[in-house]
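Here's the letter readout for the chains.
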Amino acid sequence: MIKIKNVSKIYTINKNNTVTALNNIDLNFKEGELIVLKGASGSGKSTILSLIAALSKPTTGEVIVDDKRISKLPDRFASLYRRENIGFIFQKYNLIPTLSVQKNILLPLVPSNPDEQEAQKKLEIVMKKFNISHKKDAIVRNLSGGEQQRVAIARAHINDPKIIIADEPTANLDEKLSIHFIEILKELKSTNKTIIVATHDPLFFDLDFVDKVIEVYNGNIVS
Amino acid sequence: MINKLKQAINLYLIQYAIDAILRSKSKSLFITIIFTFLTFLLTSIFFITNSVKHELNTTVDALPQITVQKIKAGRHYDIDISIVDEILEITGVEDAIARVWGYYYFENIGVNFTIVGINQYEKQYKDSFEKLIQKVDIDELNENSSMIVGHGVKQAMEKGYYLQNYFNFIKPDGSLKKVNIAGVFDAQTQLESNDMIIISQEQARDIFDISEDMATDIVIKVANPQEIDTIVSKIKLQYPDTRIITKNDLKVSYQNIFDYKSGIFLAIFIISLFTFFMIIYDKSSGLTSEEKKEIGILKAIGWTVDDVLKEKFYESFIISFISYLIGIIFAFIFVYLLQAPLLRDIFVGYSQLKTTFELPFVFDFQTLFLVFFLSVPIYIAATIIPSWKTATLEADEAIR
């Protein structure tokens, strides 16, 4: 389902300064798999997620999802690809802090101008699923870290994407909330979603429902 | 139909734009206030200019084609009526009328009234006077020692404690002449008649001490306006002791006053535009890191560049159009209802000695369009351009 072929990513800081985030890597993920990318900060995990989500383009090589070369997509089609296929849970949640919970969750639906009843139905389902209905009118910046993460998960889920990507999802959570998040992941996996998690949290490494644990070190795949 | 409209207009995007405005309340409010004020100022300037221009054009149109005045020691003196017949003999002259008129200074409140003496049996030099004598019997006014006054005159008299229905004119020899007020003049235009008193020619002569064989000046009507210059030179040759003023001369002198005054307005206009463009420059020079991050987030969750720009368009259109509308409404109220206090004095300041003058309502779509195109699209562009710059970055880069 997801193929990463000979991909390198080099960030240009200025004329004389570049950083190689990924160095000629190859990866293959199947549909419905839950993959954990582990490695220290700056190892290149988040860059891999960015490339799969078409948030950035590789410097060399290509990323293929469902036989589509998403690394070659023009910006507009990359956005449409994200809208239809990707649910991204960011490390710092990346919510709009001054909007309410329900408005944040609805954001991915806004460009497709859905029917109001249909949108409301989807909203209620995800809010209930991720146990955030009681806070639907609360302003996001007033929520706790765990609640904000549930909003971020609900937002990633509202379009019912095939691929869920989570970047350091438990970095800002205590152990209890981290375990709760893992339970949510398990539930999502049971719906045959492809899930890719980048983390250095040891809680993820020995889970029985994880299909692959891939270690990234200095832009290379170690194991 | 409604469904099609719903599909064409994304209400979610509009709702998001409204939320975005409300989320940054103080910033939005500040921009709205500044925008409204500048629109208000620009529109007020245009409204006042249009009104005064309209007023002056009406006044100039009503002016005689040629006016002949007697000059003695460089000053204007009464002219001999016998000249009228001689002027009528000049080829091309259609009519020549001797006028008896003058200014009367009302000391109580420091204003000038214009007193016009009318002879019912003579041809009038103004259409409005022709109409007047159809309605009013000037002979009767004369017999009853009465006059018809402009609205402003009546107000000025009341202001100067002349609450009775008569007025005592002080004649040049110091004696008083009591004249009753028979009615208030129906204004054709305010500049022309607001400070005017219509009276019989006989009474006007009495008030100004002008003898039967003299007049204030002579106005001439020419059949072919192309011949005005030729006729002027003929009169000048025949009467070297006169000053001849053509309608064009008066037009130029009115225009000079107007241009001078509108120069001051132009300065205010330029300052307003300069302030507006400073704000625009500041806005177009970039987005805050929060604004950039928000665009990055929206792109990351599937918004296209088009979606981001549409939302920014709605956001800036709502702010700028509302400000524009409020500015226009305030300008309407300020200029036409409140009569433009402070700004109006720049234009009508020269007529301090005149009685009250009201800015007439002149509706001009062009003005509204001009102000719209000078403000709303420029503000929208200044909002959209920096957003477009950010939205076309890779989403990953924008979030960082």
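Residues numbered from 1 in each chain as written. Chains lettered and ligands numbered in written order. Predicted model: local features only at pLDDT ≥ 70, side-chain atom pairs only at ≥ 80, totals over all residues.

(A) A look at the overall build of chain B. Across its full length, chain B holds 16 helices and twelve strands. Within chain B, buried positions represent 34% of all 400 residues. Taking the intrachain contacts of chain B between residues at least 6 apart in sequence as the baseline, contacts between residues at least 24 apart amount to 82%. (Helix = DSSP H or I, 4+ residues; strand = E, 2+ residues; numbered from the N terminus. Buried ≥ 20, exposed ≤ 12 C-beta atoms within 10 Å, placed from the backbone. Contact = placed C-beta atoms within 7 Å.)

(B) Broad picture of the interface of chain B and chain A. Chain B puts 23 residues into the contact, and the matching count from chain A is 22 residues. Elements supplying a minimum of two residues to the side of chain B that touches chain A: α2 (11-23), α12 (289-300), α13 (305-337) and α16 (395-399) of chain B. For the side of chain B that touches chain A, the residue count by class is eleven nonpolar, five polar and seven charged. (Nonpolar A, V, L, I, M, F, W, Y, C, P; charged D, E, K, R; others polar.)

(C) Highlighting the confidence of the model for chain A. Averaged over chain A, the pLDDT score is 90; the fraction of residues at 70 or greater is 100%. Across chain A, the secondary-structure element scoring lowest on mean pLDDT is helix α6 (residues 175-189) of chain A, at 87, and the one scoring highest is helix α3 (residues 101-106) of chain A, at 96. (pLDDT = per-residue confidence, 0-100.)

(D) The packing of helix α3 (residues 25-61) of chain B against helix α15 (residues 365-391) of chain B, seen in detail. Residues and elements named next belong to chain B. Closest axis-to-axis distance for the α3/α15 pair is 10 Å, and the angle between their directions is 160°. Judged by the angle between their axes, α3 and α15 are roughly antiparallel. Helix-helix and strand crossings are classified by hand; for α3 and α15 the assignment is right-handed. Between α3 and α15, the contacting residues are Phe35, Thr39, Leu42, Thr43, Phe46, Phe47 and Asn50 on the first element and Thr367, Val371, Leu374, Ser375 and Tyr379 on the second. Taken together, the residues of the contact of α3 with α15 break down into seven nonpolar, five polar and no charged. (Axes fitted to C-alpha atoms, helices over the stretch in contact; angles between N-to-C directions. Parallel < 35°, antiparallel > 145°, perpendicular 65-115°, else oblique. Left-handed = near helix turned anticlockwise from the far one by under 90°.)

(E) Focus on the pairing of strand β6 (residues 86-89) of chain A. Residue and element names in this part refer to chain A. The alternating pattern of β6 places Ile86 and Phe88 on one face and Gly87 and Ile89 on the opposite face, and all of these are buried. Summarising the sheet, β6 and strand β7 (residues 163-167) pair through four bridges and their orientation is parallel. Within the sheet, the bridge partner assigned to Gly87 lies in β7 and is Ile164. (Pairing = 2+ DSSP bridges.)

(F) Just the packing of α2 of chain B against α13 of chain B, in detail. Residue and element names in this part refer to chain B. Their axes nearest at 8 Å, the elements α2 and α13 cross at an angle of 55°. Regarding the angle of α2 to α13, the classification is oblique. Here the hand of the crossing between α2 and α13 comes out right-handed. Here α2 contributes Leu13, Ile14, Tyr16, Ala17, Ile18, Ala20 and Ile21 to the contact with α13, which in turn contributes Lys310, Glu311, Tyr314, Glu315, Ile318 and Ile319.

(G) View of the nonpolar core. Counting residues in hydrophobic clusters, the biggest one holds 103 residues, and the most contacted among them are Ile52, Phe88, Ile105, Ala154 and Ile165 of chain A. It is α3 of chain B that contributes the most residues to this core, eleven residues altogether. In contact with Ala154 of chain A, other than residues within four places in its own chain, are Ile105, Val126, Met127, Phe130 and Ile132 of chain A. In this structure, Ile66, Val116, Met147 and Val153 of chain B belong to the second largest nonpolar core, which totals 40 residues. (Core = buried A, V, L, I, M, F, W, Y, C linked by C-beta atoms within 7 Å.)

(H) Examining the sheet that holds strand β4 (residues 60-65) of chain A more closely. Residues and elements named next belong to chain A. Overall, antiparallel pairing links the four strands, which are arranged β2-β1-β4-β5 in an open sheet. If you trace the sheet from one side to the other, it starts and ends with β2 (17-29) and β5 (68-69), each paired once. As defined by bridge partners, strand β1 (residues 2-14) adjoins β2 across nine bridges and the pair is classed as antiparallel. The partner of Val7 across the bridge, within β2, is Ile25. Across the sheet, helix α1 (residues 45-52) lies against β1, β2 and β4, angled at about 115° from β1, the strand it touches most.

(I) Up close: the sheet that holds strand β9 (residues 212-217) of chain A. All names here are of chain A. The strand order β6-β7-β8-β3-β9-β10 describes an open sheet built from six strands, whose pairing is mixed. Across the chains shown, the open sheet's two edge strands, defined by having one partner strand only, are β6 and β10 (220-221). Relative to β10, β9 runs antiparallel, the two being bridged by two bridges. Looking at the pairing, Val216 lines up with Ile221 of β10. Relative to strand β8 (residues 194-199), α6 is tilted by about 155°, and along the sheet it contacts β3 (34-38), β7 and β8.

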